[in-house]
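Chain and residue survey
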Amino acid sequence: MNEQEIVGWLRETDETRLEELWKRADNTRKKNVGDAVHLRGLIEISNHCTRSCGYCGLRAQNTKIERYRMEPDEILECANKAKEFGYGTVVMQSGEDLAIASGWVAALIRRIKEETGLAVTLSLGEREEQELTRWKNAGADRYLLRFETSNRALFDKIHPPLGEKPCDRIALLKQLKHLGFETGSGALIGIPGQSYEDLARDIMLFAELGLDMIGCGPYIPHPETPLASEMETALAGGDETQVPNTELMAYKVIALARLVCPRANIPSTTAIATLNPARGREFGLERGANVVMPNLTPVKYRALYEIYPGKACITETADACAACLRGRIESIGRQVGTGRGDSMNYLLRS
Ligand code: SAH
């Protein structure tokens, strides 16, 4: 698909045509990655952050949130729960917390691998090559780092570099792949200033990078961030080029990502479930997605990992999330995946 065709779909409003898009994405999903829905247990290990991202509630300047960092024993307890629930993978995510030292993470990865044997995914932001190598050697399998937007000027605006060091997530993704990680990325949908062409190029970049995992969600304004007020202006202005941060746009992106990257693992994300708690997860799974990421973070920390407000499943315990998601998956005639659920792209590459 070229840029123009993708823009055509992103702007499509005809329901019959959209049904066709959903059907094509769902068939492509079924043919390439099957009916299994892989569960990845998410552990939000720290909400400390040194960065100043315009979209994210964890940004350093937000003095209104209480900060936490989980202890290794607490994290291990979550990983053991993941195993008990039959998840194949744990994902450790955090703000860009430089107090999380590379040796600390390496030791943690070793313990999780030894005690549970689960696949380990990291999503700790931009780190040095040396640290990434160390984590790979300790047994980490995958790394998630969204490029957020392929529009360089917009990216620089919403994701300012830290000090003098230039910030290039696309280069970092290539490096991660080279180091042998299963590599995941994704984009925010409907950031103020994002055009349809920008979003189409994001989708083309998924294919160009040969991603193993693609996670996308609607941008949800957080009141304690500078971008939130711009969203109001962007929507009020009636700007025809502005991508809306809607649920429908998120499904279009999932479906198109599936069409351009047929074998990738694609989650039906929490941000979508936040916009539609009743059916969002299911719609995502029926329009191209094959992964869900149940939250394992202890309830006492969960509300503090507030990247955006009103996040779905914020008060549920890990047990409740596990049962709820299993039910949702079975309700649409799909099965919970067994095993690690590695990306087909990755398996073919190695
Ligand atoms: N510090 C890590 C993890 C960040 S949280 C990193 O930067 O990679 C994971 C993802 O949440 C981000 O990549 C971003 O795409 C998404 N996110 C952050 N703020 C958001 C918001 N306000 N609305 C929707 N998604 C958001």
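Check the entry above for the structure.
This structure is a prediction, so every number in the text was calculated from the model and none was measured. Counting from 1, residues in each chain are numbered in the order their sequence is written. Thresholds applied to this predicted model are a pLDDT of at least 70 for local features of residues and 80 or more for the giving and counting of side-chain atom pairs; totals over whole chains, interfaces and linings are not thresholded and use all residues. In computing side-chain properties, one takes all heavy atoms of the structure into account and sets aside hydrogens as well as water.

**Things to note about the packing of helix H2 (residues 15-33) against helix H10 (residues 247-260)**
Where H2 meets H10, the closest approach of the two axes is 9 Å, and the angle between their N-to-C directions is 45°. As the angle between them shows, H2 and H10 are arranged oblique. For the pair H2 and H10, the sense of crossing is left-handed. Within the contact between the two elements, H2 uses Leu18, Leu21, Trp22, Arg24, Ala25, Thr28, Arg29 and Val33 and H10 uses Leu248, Tyr251, Lys252, Ala255, Leu256, Arg258 and Leu259. The class makeup of the residues in the contact of H2 with H10 is 10 nonpolar, one polar and four charged. As a rule, the C-alpha atoms of each element are fitted with a line to give its axis, helices using only the stretch in contact, and angles between N-to-C directions run from 0 to 180 degrees. To qualify as a helix, a DSSP run of H or I must reach at least 4 residues; to qualify as a strand, a run of E must reach at least 2; elements of each kind are numbered from the N terminus. Oblique is the label for any angle not covered by the other classes, which are roughly parallel (under 35 degrees), roughly antiparallel (over 145) and roughly perpendicular (65 to 115). Left-handed is the label given to a crossing in which the near helix is rotated counterclockwise from the far helix by less than a right angle, and right-handed is the label when the rotation is clockwise. What makes two residues a contact is simply this: any of their non-hydrogen atoms within 4.5 Å. Three categories are distinguished: nonpolar for Ala, Val, Leu, Ile, Met, Phe, Trp, Tyr, Cys and Pro, charged for Asp, Glu, Lys and Arg, and polar for the others, with Gly belonging to the last.

**Description of the nonpolar core**
Residues Leu10, Leu122, Trp135 and Phe206 are the most contacted members of the largest nonpolar core, which totals 97 residues. It is H10 that provides the largest number of residues to this core, a total of nine residues. When near neighbours in sequence (up to four residues on either side) are disregarded, Leu122 contacts Met92, Val105, Ile109, Trp135, Ala140, Arg142, Tyr143 and Leu144. To define a nonpolar core, start from buried Ala, Val, Leu, Ile, Met, Phe, Trp, Tyr and Cys residues and group those joined through side-chain atoms within 4.5 Å. Under the scheme applied here, a residue whose accessible area is under 20% of the maximum for its type counts as buried, over 50% as exposed, and between as partly exposed, the area being computed with a 1.4 Å probe on protein chains only. Membership of the second largest hydrophobic core comes to six residues, among which are Leu42, Val91, Leu144 and Met293.

**Structural notes on unusual backbone geometry**
A positive phi is found at Glu148, a non-glycine position, where the angle reads about 70°. Given a relative accessible area of 8%, Glu148 falls into the buried group. Look at Cys313: it is not a glycine, yet its phi comes out positive at around 65°. Turning to its location among the elements, Cys313 is positioned in the loop between helix H13 (299-302) and helix H14 (318-331). Judged by relative accessible area, Cys313 falls into the partly exposed class, the value being 24%.

**With respect to the packing of aromatic side chains**
For Phe, Tyr and Trp, where Trp contributes only its six-membered ring, two rings pair if their centres lie within 6.5 Å, and the inter-plane angle classes them as stacked under 30 degrees, edge-to-face over 60, or tilted in between. Per the stated rule, a full pass over the model turns up six aromatic pairs. Where Tyr68 meets Tyr301, the ring centres are 4.6 Å apart and the plane angle is 15°; that geometry is what we call stacked. One end of the pair, Tyr68, is in the loop between strand S1 (36-46) and helix H3 (72-84); the other, Tyr301, is in helix H13, and 233 residues separate them in sequence. Judged on exposure class, the residue Tyr68 and its partner Tyr301 are both buried. When the ring of Phe147 is compared with that of Phe206, the centres are 5.7 Å apart and the planes differ by 45°; the resulting orientation is tilted. Separated by 59 residues along the polypeptide, Phe147 in the loop between strand S4 (142-144) and helix H6 (152-158) and Phe206 in helix H8 (residues 196-209) bring together distant segments of the chain. Each of the two residues, Phe147 as well as Phe206, counts as buried. Placement of a positive charge over a ring is assigned whenever Lys NZ or Arg CZ falls within 6 Å of the ring centre and within 35 degrees of the normal to the ring plane. Of note, Arg11 hangs over the ring of Tyr196, and the distance from its end group to the ring centre comes to 3.9 Å.

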